[in-house]
Amino acid sequence: QVKLVESGVGLVQSGGSLRLSCIGTGRTFITYGVGWFRPAPGKEREFVAAISWGAFKTLYADSVKGRFTISREDAKNTVYLQMNNLKSEDTGVYYCAADSARADLSGNHWYLGEGYLEHWGQGTQVTVSS
């Protein structure tokens, strides 16, 4: 069973940067696609970014393109979300999700979020102050 744990500094000023980490258990974690989600108006968990197994493909929400970068360090079973030029609207609980069946980021389930992906972490609070 894959288990995910998110971590990161929870408070940052507007325009600042923050890096979140998602650590997965087991050697098979490197074969999973991994994504990040956050609350948004009208959605419990909105897609933010995702990375395929082997990091050959990445996806980003339009609202974070050019500001956020997702990456993975497989030797440490860790996926990172580097968030730069943070805005107040980036505030929220960020969740890490992993999926083996859609590890290549095919289809649209990564955009649909909860209920469509296999494994979810507990979330970590991000607050951007102005």
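Residues numbered from 1 in each chain as written. Predicted model: local features only at pLDDT ≥ 70, side-chain atom pairs only at ≥ 80, totals over all residues. Heavy atoms only, no water.

Colleague: How would you sum up the overall build of the protein chain? Please name residues and give values.
Modeller: In terms of helices and strands, the protein chain carries one helix and eleven strands. Each helix and strand of the protein chain, placed in order from N terminus to C terminus, yields the pattern β-β-β-β-β-β-β-β-β-α-β-β. For 130 residues, the compact-globule estimate of 2.2 N^0.38 gives 14 Å, and the C-alpha radius of gyration of the protein chain, at 13 Å, lies within 12% of that figure. Across its three principal axes, the protein chain shows a C-alpha extent of roughly 40 × 30 × 25 Å. Relative to its 130 residues, the protein chain shows a buried fraction of 46%. The long-range fraction of contacts in the protein chain, counting pairs at least 24 apart against all pairs at least 6 apart in sequence, stands at 60%. Across the protein chain, the 13 positively charged side chains and the 12 negatively charged ones have centroids separated by 3 Å. (Helix = DSSP H or I, 4+ residues; strand = E, 2+ residues; numbered from the N terminus. Rg over C-alpha atoms; globule rule 2.2 N^0.38 Å. Buried < 20%, exposed > 50% of the residue type's maximum accessible area, 1.4 Å probe, protein only. Contact = heavy atoms within 4.5 Å. Lys, Arg positive; Asp, Glu negative; His and termini not counted. Charge placed at Lys NZ, Arg CZ, Asp CG, Glu CD.)

Colleague: Describe the packing of aromatic side chains, naming the residues involved and giving the relevant values.
Modeller: In the structure shown here, the tally under the stated rule is four aromatic pairs. Ring centres of W53 and F56 lie 5.5 Å apart, and the angle between their planes is 80°; on these two criteria the pair is classed as edge-to-face. Ring pairing ties together the aromatic residues F37, F47, Y111 and W120, which thus form one cluster. Just above the ring of Y95 sits the side chain of R45; from NZ or CZ to the centre is 3.7 Å. The cationic tip of R45 hangs over the ring face of W120; the distance from NZ or CZ to the ring centre is 4.8 Å. (Phe/Tyr/Trp six-rings, centres within 6.5 Å; stacked < 30°, edge-to-face > 60°. Lys NZ or Arg CZ within 6 Å of the ring centre and 35° of its normal.)

Colleague: Describe the sheet that holds strand β8 (residues 78-83), naming the residues involved and giving the relevant values.
Modeller: An order of β1-β3-β8-β7 is seen for the four strands of this open sheet, with the pairing classed as antiparallel. Of all strands in the sheet, those with a lone pairing partner are β1 (4-7) and β7 (68-73), marking the two edges. Averaged over all neighbouring strand pairs, the angle between strand axes comes to 15°, with direction disregarded. The sheet contact formed by β7 and β8 spans six bridges and is antiparallel. Along β8, the bridge assignment pairs E73 with T78. (Pairing = 2+ DSSP bridges. Axes fitted to C-alpha atoms, helices over the stretch in contact; angles between N-to-C directions.)

Colleague: Go over the pattern of salt bridges, please, and point to the residues and values.
Modeller: For the structure on display, the rule yields seven salt bridges. When the shortest N-O distance is used, the salt bridge between D90 and R38 registers 2.8 Å. Placement of D90 in the loop between β8 and β9 (92-99) and of R38 in strand β4 (residues 33-40) is noted, with a sequence separation of 52 residues between them. On the basis of relative accessibility, which here comes to 0%, the residue D90 falls in the buried class. Put simply, D90 and R67 hold a salt bridge, and the shortest N to O gap is 2.8 Å. (Salt bridge = Lys/Arg side-chain N within 4 Å of Asp/Glu carboxyl O.)

Colleague: Could you give me a rundown of unusual backbone geometry, with the residues and numbers involved?
Modeller: Backbone geometry at A55 places phi at a positive 60°, although glycine is not the residue there. Residue position: A55 is located in the loop between β5 (43-51) and β6 (58-60). Overall, the relative accessible area of 39% leaves A55 in the partly exposed class. Phi at N85 takes a positive value of approximately 50°, unusual for a residue other than glycine. Tracing the backbone through its elements, the reader meets N85 in the loop between β8 and β9.

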